[in-house]
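Here is what each chain is made of, one letter per residue.
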Amino acid sequence: MLLSILMNFQEGYTEGIYNNKKYGLTKTTFNKGKSIKFYAKELGGKDFISLNYYITKSKELLKPCEMPEKKVIHFLNNVKLIAIEKNNT
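Residues numbered from 1 in each chain as written. Predicted model: local features only at pLDDT ≥ 70, side-chain atom pairs only at ≥ 80, totals over all residues. Heavy atoms only, no water.

Undergrad: Explanation requested: the packing of aromatic side chains in the structure shown.
TA: For any pair of aromatic rings, geometry is given as the distance between the ring centres together with the angle between the planes. Taken as a whole and judged by the stated rule, the model has six aromatic pairs. Judged by centre distance (5.2 Å) and plane angle (65 degrees), the rings of Y23 and F75 are edge-to-face. Residue Y23 is found in strand β2 (residues 21–30), and its partner F75 is found in helix α2 (residues 69–78); the two are separated by 52 residues along the sequence. F75 gets classed as buried once you look at its relative accessible area, which sits at 0%. Ring centres of F38 and F75 lie 6.3 Å apart, and the angle between their planes is 55 degrees; on these two criteria the pair is classed as tilted. With F38 in strand β3 (residues 35–42) and F75 in helix α2, this pair connects stretches of sequence that are 37 residues apart. Clustering of aromatic rings is evident, with ring pairs tying together F9, Y18, Y23, F38 and F75. (Phe/Tyr/Trp six-rings, centres within 6.5 Å; stacked < 30°, edge-to-face > 60°. Helix = DSSP H or I, 4+ residues; strand = E, 2+ residues; numbered from the N terminus. Buried < 20%, exposed > 50% of the residue type's maximum accessible area, 1.4 Å probe, protein only.)

Quick look at the structure:
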């Protein structure tokens, strides 16, 4: 289930709203899709979300970085992505 949520985030940088605050989100995929690094930083604030997700032959592993797994899961389930305008100058 978490893998399908992580796959909804685009590779690279995007932005989202969580608890009425704006976050910058970065997703990087490694090892032919078997490892995902995800980092979200509250823009103008101090909160952040950081995790690694691994897909092995036998299971999938969520590895939060220095925070409770519950916080990571709540963020992933509740952040709302927003479109970023690109300047075409």
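Undergrad: When you look at the pairing of β3 in this model, what are you seeing that I'm missing?
TA: Each regular strand carries side chains that alternate between the two faces of the sheet. As paired strands, β2 and β3 are joined by eight bridges and run antiparallel to one another. Bridged to Y23 within β3 is E42. Following β2, the chain reverses through four residues before pairing antiparallel with β3; N31 in that reversal takes a positive phi of roughly 50 degrees. Where β3 and strand β4 (residues 48–55) come together, seven bridges link them in antiparallel fashion. By the bridge assignment, I36 is partnered in β4 with Y53. Hairpin connection of β3 to β4: five residues between the antiparallel strands, including G44 at a positive phi of 80 degrees. (Pairing = 2+ DSSP bridges.)

Undergrad: What is the right way to read the sheet that holds strand β5 (residues 60–64) from this model?
TA: By way of backbone hydrogen bonds, the strands of a sheet pair with one another, either parallel or antiparallel. Taking strand neighbours across the sheet as the criterion, the six strands line up as β5-β4-β3-β2-β1-β6 in an open arrangement whose pairing is antiparallel. Two strands close off the open sheet at either side, each with one partner strand: β5 and β6 (80–82). Strand-to-strand twist of the sheet, defined as the mean angle between neighbouring strand axes without regard to direction, takes the value 30 degrees. In this structure, β4 lies alongside β5, joined through five bridges in antiparallel fashion. Looking across to β5, one finds that I55 is bridged to E60. Against the sheet, α2 engages β1 (12–18), β2, β3, β4, β5 and β6, with an angle of about 95 degrees to β4. (Axes fitted to C-alpha atoms, helices over the stretch in contact; angles between N-to-C directions. Contact = heavy atoms within 4.5 Å.)

Undergrad: It is not clear to me how the nonpolar core should be interpreted in this structure. Could you clarify?
TA: One broad trend across soluble globular proteins is that nonpolar side chains are buried collectively. In terms of nonpolar packing, the biggest core is built from 19 residues, with L6, F9, L25, F38, L51, F75 and L76 touching the most fellow members. Elements represented by at least two residues in this core include exactly α1 (2–7), β2, β3, β4 and α2. (Core = buried A, V, L, I, M, F, W, Y, C linked by side-chain atoms within 4.5 Å.)

Undergrad: Teacher, can you tell me more about the environment of L43 here?
TA: Within the element layout of this structure, L43 appears in the loop between β3 and β4. Considered as a pair, L43 and L61 are 18 residues apart in the sequence and their alpha carbons are 28 Å apart.

That is the geometry; function is a separate question.
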